[in-house]
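Residue-level structural notes
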Amino acid sequence: MDEQPILQVNHLKTSFFTADGAVPAVDDVSFYVNKGEVLGIVGESGCGKSVTSLSIMKLIPNPPGKIVGGEILIEGRDLVKASERVMRNIRGNDIAMIFQEPMTSLNPLFTVGNQLIEGIRLHKKTTKKEAWNKAVEMLKLVGLPRPEELMSEYPHQLSGGMRQRVMIAMALSCEPKLLIADEPTTALDVTIQSQILDLMKELNKKLNTAIMLITHDLGVVAEVCQRVMVMYAGQVVEEASVSDIFKKPGHPYTVGLLQSIPDVSKKNKKLYSIPGQVPKPGSIKTGCRFYKRCPHAMQRCEKEDPALYKVGEGHQVRCFLAEEGSVSV
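Small disclaimer: the values here were computed from a predicted structure and weren't measured.

A few words now on the sheet that holds strand β11 (residues 309-312). The mixed open sheet is built from 8 strands, whose spatial order is β6-β7-β8-β3-β9-β10-β12-β11. Single-partner strands in this sheet number two, and they are β6 (95-98) and β11. The average angle at which neighbouring strand axes cross in this sheet is 20 degrees, direction not considered. In the sheet, strand β3 (residues 38-42) pairs with strand β9 (residues 227-232) via 4 bridges, with the strands oriented parallel.

Encoded structure:
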């Protein structure tokens, strides 16, 4: 893996403006993705994972949403300041995205071939024949059978797993430097999920494409990622290598997520769940956002905002326990 950031996000803030005022969905988030690396972003629904990815693509619906601060750097270019015309060129060429729902991501009125060829010709100066050949090549690359025939078929004629492979082929057809995969296996059955994850690992090795994988499944993270960023209530609460996250988690929320994983060896034991619910965005004005759900909460947690404390090489934790030198939670 080449240790050069392809993506650098600094102090990103994205808010949604409602009748009750600004609601921060992503609040002061900073991270990086190296070339050829697979970074996992995990957390419960509503923690800001998808809003972070849509902010990077500048696809936040405006109104009501808006990036209100920070930088999103792709090889030194700040996307926050980029015009829509510039972004149209960057999407697909530099960054591509696989969306969460394969059943609705493809246009039902156009054939698979039409949709693949349109994306290729939009970003690359090619003839229609060259684009057709490239599209067939991409369908072969993602392991789809009879690619030439698939080119003339419509999305409704394909299974969910096949549609997701088409989406991956479409995302990779212009050879982007970074692929954002927003829960790419959520709507698929377990067997197909495994195939899609194996495919992403294979393509990552073969094409050296950096991948930002958004998921709530720590099993997926363990299988595919090299580094993990844990988000909670719009903030990064922990960042570390996969081995550190599983062997020595530092944030009580990360510990709770790991304890929530079912263990087949403990058949009669009740499955653990983190008490309470993710707070409504913008509802906590001061203090640690995990305070009300945390088994280790102290008085200062209610009033003071913890910073991200370094607890090891590449390991950061947003918790006062880390400041005190203890990450055994």
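Now, onward.
Secondary-structure assignment places Ser173 in the loop between α7 (160-172) and β7 (178-182). The class of Ser173 is buried, set by a relative accessible area of 3%. Polar contacts involving the side chain of Ser173 include one to the main-chain carbonyl oxygen of Met170, which spans 2.8 Å. Aside from chain neighbours lying at most four places away, what touches Ser173 is Ile120, Lys134 and Met138.

Here we take up the pattern of salt bridges. Scanning the model with the defined rule gives 17 salt bridges in all. Here Glu183 and Lys49 are joined by a salt bridge, their closest N and O atoms 4.0 Å apart. Of the two residues, Glu183 is situated in the loop between β7 and α8 (190-207) and Lys49 in helix α1 (residues 49-57); the sequence distance between them amounts to 134 residues. Overall, the relative accessible area of 9% leaves Glu183 in the buried class. Notably, a salt bridge pairs Asp244 with Lys248, separated by 3.9 Å at the nearest N-O pair. Through salt bridges with shared partners, a single ionic network connects Glu75, Arg77, Asp94 and Lys177.

The rules behind the values
- Residues numbered from 1 in each chain as written.
- Predicted model: local features only at pLDDT ≥ 70, side-chain atom pairs only at ≥ 80, totals over all residues.
- Heavy atoms only, no water.
- Pairing = 2+ DSSP bridges.
- Helix = DSSP H or I, 4+ residues; strand = E, 2+ residues; numbered from the N terminus.
- Axes fitted to C-alpha atoms, helices over the stretch in contact; angles between N-to-C directions.
- Buried < 20%, exposed > 50% of the residue type's maximum accessible area, 1.4 Å probe, protein only.
- Polar contact = N/O pair within 3.5 Å; in protein donor to acceptor, adjacent residues only side chain to side chain.
- Contact = heavy atoms within 4.5 Å.
- Salt bridge = Lys/Arg side-chain N within 4 Å of Asp/Glu carboxyl O.

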